[in-house]
Amino acid sequence: MTTGAPAAQPAGRVRRDRRGPAVRKDGSMTEELTVSVLGTGIMGAAMARNLVGAGHAVRVWNRSPQKAAGTGATVADSPADAVRDADVIITMLYDGGTVRDVVGQAAPGLKAGALWLQTTTASLGDVAALAATAAEHSVAFYDAPVLGTRQPAEAGQLTVLAAGPHAGRERLAPVLDAIAARVVWLGEDGARGDGTRLKLVANSWVLTVTHGAAELLALAGALGVDPDRFFEVIGGGPLDMGYLHAKADLVRQGRLSPASFAVETAEKDARLIVAAGEDHGVRLDVVAAGAERFRRAAAQGHGGKDMGASYYASFTP
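Every chain's residues receive numbers from 1 upward, in the order its sequence appears when written. Local features in a predicted model are, by the rule used here, given only for residues with pLDDT of at least 70; side-chain atom pairs are given and counted only at 80 or more, and totals for whole chains, interfaces and linings are based on all residues. As a convention, hydrogens and water are excluded, and side-chain values are obtained from all of the structure's heavy atoms.

Could you give an account of the overall build of the chain, naming the residues involved and the relevant values?
The helix and strand inventory of the chain stands at eleven helices and eleven strands. Expected size for 317 residues packed as a compact globule is a radius of gyration near 20 Å; at 20 Å, the chain falls within 12% of this value. In terms of overall dimensions, the chain has a C-alpha envelope of 65 × 45 × 35 Å along the principal axes. Working definition: with a 1.4 Å probe on protein chains only, accessible area under 20% of the residue-type maximum means buried, over 50% means exposed, and in between means partly exposed. Here the chain holds 317 residues, and 49% of them are scored as buried. We call two residues in contact when some of their heavy atoms are within 4.5 Å. Considering only residue pairs separated by 6 or more positions, the chain has 66% of its internal contacts joining residues 24 or more positions apart. All tallies of charge rest on Lys and Arg as positive and Asp and Glu as negative; His and the ends of each chain are not included. Where a charge sits is defined by one atom per residue type, namely NZ (Lys), CZ (Arg), CG (Asp) or CD (Glu). Across the chain, 32 positive and 33 negative side-chain charges occur, with their mean positions spaced 3 Å apart. Each helix is a run of H or I in the DSSP string that is no shorter than four residues. Each strand is a run of E no shorter than two, and both are numbered from the N terminus. As defined in this context, the radius of gyration uses C-alpha atoms, and a globule is described by 2.2 Å times the residue total to the power 0.38.

As structure tokens, then:
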């Protein structure tokens, strides 16, 4: 259980907080850590709130400060102020290029021996470059993208796909406990990007199912078929799955805002997946076509909606 988050702290008030106890989900006590969260969009803000609720001293930074103000954490004026003396740094930003830029700004405040959880979905090339930056500053790098969207992030029930040195894992455990229900450890070399590799594979399936739900609804409507009859036919069989129902329900019930995972971000991830395949000699036609569907949906004004808005790409405006 987590406690209610305290009121947001004034921007720029950055200090070393007095150590005290923090609480894990099972109710056991652990050491309070100073945690910096760079990026407080849908996912980063939820992570920060859960860390505050668990009793850690949390500092946040975001390009748009108003998005950081509701986390209950201390809002820093700059990335360098946010990471100064932090035990653990979490990056949850739009893409690898953004992480490289922000961490470059944070570099003057990085503390040798800090642990960096890089949770942004990025390219393998960016992961290697970020790991090199961490090594330059004697920071332990953990490639740690997450599976999950708004709801599991807010509930502290993400799945973390992590790779990084064993030496810091016990130290990271209270932080991971606050944000995740499950941590899958994949190796000791964060620079290799084993977490990112698995995330790209997993997202290729997630995006495929999302487009499948969108297209079956569009086709059913065009052919005059009640979608409920389709779900009756597959119900309880090998073609049935919860995620298909979840995405179809968002479209059918008009609940695409606020987004759990936005169209624009889904397109970015789809293009990362296609590029990773090309770099390794694999052609991913379905994912490439899906990226184009997301682009069309965004061009129609649905870029900020949930990726289920791929549905609209089936129609000519």
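Break down the side chain of Asp143 for me, with residues and values.
Within the element layout of this structure, Asp143 appears in strand S8 (residues 140-143). In what follows, salt bridge is the name for a side-chain nitrogen of Lys or Arg lying within 4 Å of a carboxyl oxygen of Asp or Glu. This buried residue, Asp143, is left without a salt bridge; Arg197 holds the nearest opposite charge, at 7.2 Å. If sequence neighbours within four positions are ignored, Asp143 has contacts with Gln118, Val127, Leu161, Ala162, Ala163, Gly190, Gly193, Asp194, Gly195 and Thr196.

Residue-level account of empty space enclosed by the protein, with values.
Cavity means a closed set of points on a 1 Å grid over the protein atoms alone, one where a 1.4 Å probe fits but cannot get out, pocket means an open set with protein on both sides within 12 Å along at least 5 of 7 lines, and lining means a residue has an atom within 4 Å of a point. Grid points are joined across faces, edges and corners, and a volume is the space filled by probe spheres set on the points. Counted according to the given criterion, the structure contains one cavity of 30 Å³ or more. Looking at the largest cavity, its volume works out to about 40 Å³. Lining the largest cavity we find Leu38, Ile89, Thr91, Val103, Ala106, Leu110 and Trp116. Sorting the residues of the lining of the largest cavity by element identifies strand S6 (88-91) and helix H3 (96-106) as the ones contributing at least two each. Of the residues contributing to the lining of the largest cavity, the split by class is six nonpolar, one polar and no charged. The classification used treats Ala, Val, Leu, Ile, Met, Phe, Trp, Tyr, Cys and Pro as nonpolar, Asp, Glu, Lys and Arg as charged, and all other residues, Gly among them, as polar.

Provide a residue-level description of the sheet that holds strand S10 (residues 158-162), including the pertinent values.
Read across the open sheet, the three strands follow the order S9-S10-S11; overall the sheet is mixed. Sheet topology places strand S9 (146-147) and strand S11 (180-185) at the edges, where each strand pairs with a single neighbour. DSSP calls a pair of strands paired once it identifies at least 2 bridges connecting them. Here S9 runs beside S10; their pairing, made up of two bridges, is antiparallel. Pairing of Val146 across the sheet is with Val160, part of S10.

I'd love a proper account of the sheet that holds strand S5 (residues 74-75), names of residues and values included.
A sheet is described by the order of its strands in space; here six strands give the open sequence S5-S4-S3-S6-S7-S8, paired in parallel fashion. Of all strands in the sheet, those bounded by a partner on one side alone are S5 and S8. Pairing between strand S3 (residues 34-38) and S6: four bridges, direction parallel. Considered in S6, the bridge of Leu38 is made with Thr91. The strands touched by helix H6 (residues 169-179) within the sheet are S3, S6, strand S7 (115-118) and S8, with S7 carrying the most contacts at an inclination of about 50°. Angles here are taken between N-to-C directions and fall from 0 to 180 degrees, while the axes themselves are lines fitted to C-alpha atoms, restricted in helices to the stretch in contact.

Tell me about the pairing of S11, residues and numbers included.
Pairing of S10 with S11, which is carried by five bridges, proceeds in the parallel orientation. The residue of S11 that forms the bridge with Leu158 is Ala180. In the classification by handedness, the crossover that spans S10, the intervening H6 and the parallel S11 is right-handed. Think of it like this: strands point away, you trace from the first strand over the helix to the second, and a clockwise trace means the crossover is right-handed.

An account of the pattern of salt bridges is requested, with residue identities and associated values reported.
Two side chains that carry opposite charge are able to pair once their charged atoms sit near each other. According to the stated counting rule, one finds 17 salt bridges in the structure shown. Close ionic contact of Arg63 with Asp101 constitutes a salt bridge, the shortest N to O distance being 2.8 Å. Separated by 38 residues along the polypeptide, Arg63 in the loop between strand S4 (57-61) and S5 and Asp101 in helix H3 bring together distant segments of the chain. Among the ionic pairs, Arg271 bridges to Glu267, the shortest N-O distance being 2.9 Å. In this pair, Arg271 and Glu267 both sit in helix H10 (residues 263-279), four residues apart, roughly one turn of the helix. A cluster of three or more residues bridged by salt bridges with shared partners is formed by Glu31, Asp87, Lys111 and Arg171.

Kindly report on the nonpolar core, identifying the contributing residues and their values.
By nonpolar core we mean a set of buried residues, namely Ala, Val, Leu, Ile, Met, Phe, Trp, Tyr and Cys, connected to one another through side-chain atoms within 4.5 Å. Formed by 33 residues in total, the largest nonpolar core has its most connected members in Leu51, Val88, Ile90 and Leu117. Among the secondary structure elements, those contributing two or more residues to this core are S3, helix H1 (42-53), S4, S6, S7, S10 and H6. A per-element tally of this core places H1 first, with six residues. With near-sequence residues (within four places) excluded, Val88 lies in contact with Leu33, Thr34, Val35, Ser36, Leu115, Leu117, Leu172 and Val175. Counting 28 residues, the second largest nonpolar core, distinct from the first, contains Leu216, Leu250, Phe261 and Ala313.

Give a detailed account of the environment of Val175, specifying residues and quantitative values.
Structurally, Val175 is set in helix H6. The spatial distance from the C-alpha of Val175 to the C-alpha of Ala132 is 23 Å, given a sequence separation of 43 residues.

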